[in-house]
Each structure stands twice: as structure tokens, then as C-alpha cells.
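Coordinate analysis (summary)
If you want the building blocks of each chain, they are given just below.
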Amino acid sequence: MWGGRFSDKPAELMQAINVSIGFDKRLAAQDLAGSRAHAAMLRKSGVITSDDEVAIQGGLATILSEIEAGTFPFREEYEDIHMNVEARLRELIGPAAGRLHTARSRNDQVALDFRMWVRDACDRTAGQIHALQKALLAKAEIHADAVMPGFTHLQPAQPVTFGHHLMAYVEMFGRDAGRFVDARARMNESPLGAAALAGSPFPIDRQMTAEALGFARPTANSLDSVADRDFALESLAAATICATHLSRLAEEIVIWMTPQFGFIKLSDAFTTGSSIMPQKKNPDAAELVRAKVGRLLGSFTQLTVVMKGLPLTYSKDMQEDKVPTFEAFDALELSLRAMAGMVADLEPNTATMATAAGAGYSTATDLADWLVRELNLPFRDAHHVTGAAVKKAEELGVGLSDLPLSELQALDGRITSSIYDVLTPEASVASRRSYGGTAPDQVRAQIKRWKEALA
């Protein structure tokens, strides 16, 4: 279709490196939607006749039905989805098909199609994140008061609740969903009508096509319109951050399932066995989700490197934008569905977690807080006294709650037996009633807030 300037066909090797229909056929729905809107605008603007528009719209409807039925003849000789559609349209309706490309170029056409695809992917992904959040909320609500150890440096730090721990991920994924919503809002401008790079001399109505395709407005600079892939980069950055959060939760599932922790169980639905060790029950779904972040980060890096040195406007390098983006969203969407399934499936061993919550002198901070609150010690002095108490408990081989009162009073004679009221994990958790704290009533308040937000 671009052969007028050429007297010979491309070399076979040139055809092999140039053709993109094998992957950009995923843009078929967006390409047809853009063409329908463009044809309607051309007719209203007087650029093509009503008869031509009727023929074009009918041919495009036939092509859509062929694609949906799996009978459309995708052909490598036509390079990409745009030329495949145009060639088929010409077969169906004749010369009128050639009028469809008036006032546009493959440069603004692919920018439009790809932007619409990424926009749809952001919508799907945000919806899948919300589904995962709902699974986390349901599990957190059941276990809002189930005590477990909270960790820093993977060492026991302070007791928290399992519900509170899960709600931390609800917050993370909430920010992830927000990033996709923000990216969508920024990309919601239509490049159609920018043509090759300079705009069009025809009396086109870009606002009409933008509105028809669900965009807030047309892009304001024709050069930027065809050169921009920020929308894909920003979406891939959001996807990489989301995958990182998924990986962190997956890592915890892997750790929690070990016999050394024994905090949770997963059913057969999300585990696999070993070909040689019959006792094994491996959290392979979590491990695979954990690994996906590498693929997404690779996609983001790949597209960044493609774009980093390109002068304005379009270069064929940009054909390499789609595969990493498609692969990244495929991996992320699969990971989100898998994680939502695992969260709904997992069952915590609350007795094991409660026992572990008291290990490692995890209520030491509660002892220090009691000294500040009841004896008016400066916190640094209370910290020193508590450290000495922990050292004594280690020497005696007991927990803080079992340390004799006489030993505590040897550190500060004003300590009374009421100090034991704060030295259990349950008392520690219940006392953390500050906004966003781990006290069960605070956890339930956050669950309620999120349930209302996601409703």
C-alpha cells in the first residue's frame, strides 16, 4: 500500500524484521473503533460522501464479525493490523476503502490504537486490584483480632493482628489502583488527526472523534501526539510497583507456609507436590507470582531504552513498544487473579501465630510505655530499664510476663504488679488504639472504610 515510491519488494529478511501483525493484531478492536469514528467524522466534515461512509461502516462491521468469529485472514504481506484491515476493506467494498485513510496516518492510527489498548488495560487492572482488595478485606474481617507477631528485620518486634497485617496490603494495592486511575486520566487524550506528524489540511473535527472514542479531549500538539509513549511507560511503572507489592505478599505466603513458621495453610488448589518427595506441598502459585516482578520490570526497562534516544517524531523503533506492554499486563493480570485466589483460599493457624506473637520479648515496648505512663520516666530512661529487664529475662530463660516482680523492682522500685497487665500479646494489641493502629477496633474501622470505598 506504500509501494508507489518503490520498484521492488522488500527483501525477505526485511519483511521478517518489519512485520508486526503477529502481535499487533491484538489491537484489532481498537483499530476498528478508531476507523469507525474517523469515517463518521470525515462524512460529517464533508471530506467523504454519505455513500462512502455507509460502505466503509458496513465493511468495518463485516471485518469485526470475521475477527470475532476467528475467520479474518491476517496476512503478513500487509505488515500490521492497520494495513490488514484496510486491505480486507478494499476486498469487501472496493475503491471506497481507500478514502478511509484520508486525513490520518499509520503514525496517529497506531498511537490511537495503542493508547486505547493501554487505557482498557488500566481499567481491567484497577478492577482486578479491587477484587484482590475485597478478598483481603474479607479475610481481615474474620481475623481482625487474631494475634500474630509483627516483624522488623524479620525479627519479632511487636504483636499485631493478622487482620491488621492484611490491611497493610489493602493500603498498598489501593495506591496501586490509584496509579492506574491517574495514568488513565493523563493518557485520555486522542492523537487521531495528528496524521503523520504535522496535522491535516482537511477540515477535520478532532473533538468529534475524541468524544466518540471516549477521550476527554484531542491532544494539543501533533508532534507529541505521534511521538509520545509516556502513557505506556507510566502504566508499566505502575504495573511494576504493583507487581512488587504482589511479590512481597507472595514472599510472606511462602515464609508463613514453612513448618518453621506454620502460620497459614493453602489447599491443594494453590499448591503442588514433588516428583520425588511425597511429603512436599509447595506454594508454587505464590512463588510464580513472586517471580513475575522481574518480567514486568524488564518490560518497563525495555520500553524505556527504546524511547530514550529517539528524536521527534515517529521512528520504527517504536514498533517495539507493544510486545513488552502486552506481556507485562498479561503477567500482572494473571498474578492478580492468582493472588486473589490464594488470599481467599489461605487459612491462618491462629494458635500458632498467637504463640509466636509472644516470642522474642515482643512486649518490651509495652513495658517501656508503662514506665513512661505510670512512673513518668523519660522514654529514653524507660528504654534503658526495659533493656535491662530483657537481659535479665534472657539470663533466667523466661519471658517478660514471667519475670519475677522482685527482679523488675530491682531495676526500679516503683514498679508494681499492675505492669503484668500490659505484658501479654493480647494486651499489647488492644492498647494500640491510635488511628491506623493494630487494635481490633481500629482494624475493623479501616475495614469498614475500605468496604465503603470499594462498594
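Report follows, based on the coordinates. (Residues numbered from 1 in each chain as written. Predicted model: local features only at pLDDT ≥ 70, side-chain atom pairs only at ≥ 80, totals over all residues. Heavy atoms only, no water.)

Going through the model one piece at a time under the given rule, you end up with zero disulfides. For the unlinked cysteine C122, the closest cysteine sulfur is that of C242, found at 11 Å. We classify C122 as buried; its relative accessible area is 1%. Accessibility expressed as a relative area gives 0% for C242, which makes it buried. (Disulfide = S-S within 2.5 Å. Buried < 20%, exposed > 50% of the residue type's maximum accessible area, 1.4 Å probe, protein only.)

Moving on, we come to the packing of aromatic side chains. Enumeration over the complete set of coordinates arrives at 10 aromatic pairs. Judged by centre distance (6.2 Å) and plane angle (55°), the rings of F180 and F329 are tilted. Of this pair, F180 sits in helix α7 (residues 162–187) while F329 sits in helix α12 (residues 322–345), and the two are 149 residues apart along the sequence. Overall, the relative accessible area of 0% leaves F329 in the buried class. Seen from the ring of F215, R119 lies directly overhead, with NZ or CZ sitting 4.3 Å from the centre. Directly above the aromatic system of F114 lies the positively charged group of K322, at a separation of 5.6 Å from the ring centroid. (Phe/Tyr/Trp six-rings, centres within 6.5 Å; stacked < 30°, edge-to-face > 60°. Helix = DSSP H or I, 4+ residues; strand = E, 2+ residues; numbered from the N terminus. Lys NZ or Arg CZ within 6 Å of the ring centre and 35° of its normal.)

Here E171 lies in helix α7. When sequence neighbours within four positions are dropped, the list of residues in contact with E171 reads Q446, R449 and W450. (Contact = heavy atoms within 4.5 Å.)

Right, let's talk about the pairing of strand β1 (residues 147–152) for a bit. Sheet analysis places β1 next to strand β2 (residues 155–161), joined by six bridges and oriented antiparallel. Paired with T152 across the bridge in β2 is Q155. Remark: two residues form the turn of the hairpin made by β1 and β2, two consecutive strands paired antiparallel; H153 in that turn has positive phi of roughly 60°. (Pairing = 2+ DSSP bridges.)

In an α-helix, one turn spans 3.6 residues; hence positions three or four apart end up facing the same way. With 18 residues, helix α15 (residues 379–396) ought to run about 26 Å at 1.5 Å a step, and its terminal C-alpha atoms sit 25 Å apart, in line with that. When we look at burial in α15, the residues that qualify are A382, V385, T386, A389, V390 and A393. The buried residues of α15 all sit within an arc of 145° when viewed along its axis, so they share a single face. Away from its buried face by more than 90 degrees, α15 exposes R380, H384, K391, E394 and E395. Each element contacted by the buried residues of α15 is listed here: α14 (364–375) and α16 (405–411). Residue G397 follows α15 closely and has a positive phi angle near 70°. (Expected span 1.5 Å × (residues − 1). Arc of directions from axis to C-beta.)

On to the pattern of salt bridges, then. Pairing is possible between side chains that carry opposite charge, provided their charged atoms lie close to one another. A complete count under the given rule lists 28 salt bridges for this structure. Residue R186 pairs with E234 through a salt bridge whose shortest N-O separation is 2.5 Å. Residue R186 is located in helix α7, and its partner E234 is located in helix α10 (residues 230–257); the two are separated by 48 residues in the primary sequence. Relative accessible area serves as the criterion here: at 27%, E234 is assigned to the partly exposed category. R414 is paired through a salt bridge with D412; the nearest N and O atoms lie 3.2 Å apart. Accessibility expressed as a relative area gives 45% for R414, which makes it partly exposed. Through salt bridges with shared partners, a single network forms among E66, R75, R88 and E91. (Salt bridge = Lys/Arg side-chain N within 4 Å of Asp/Glu carboxyl O.)

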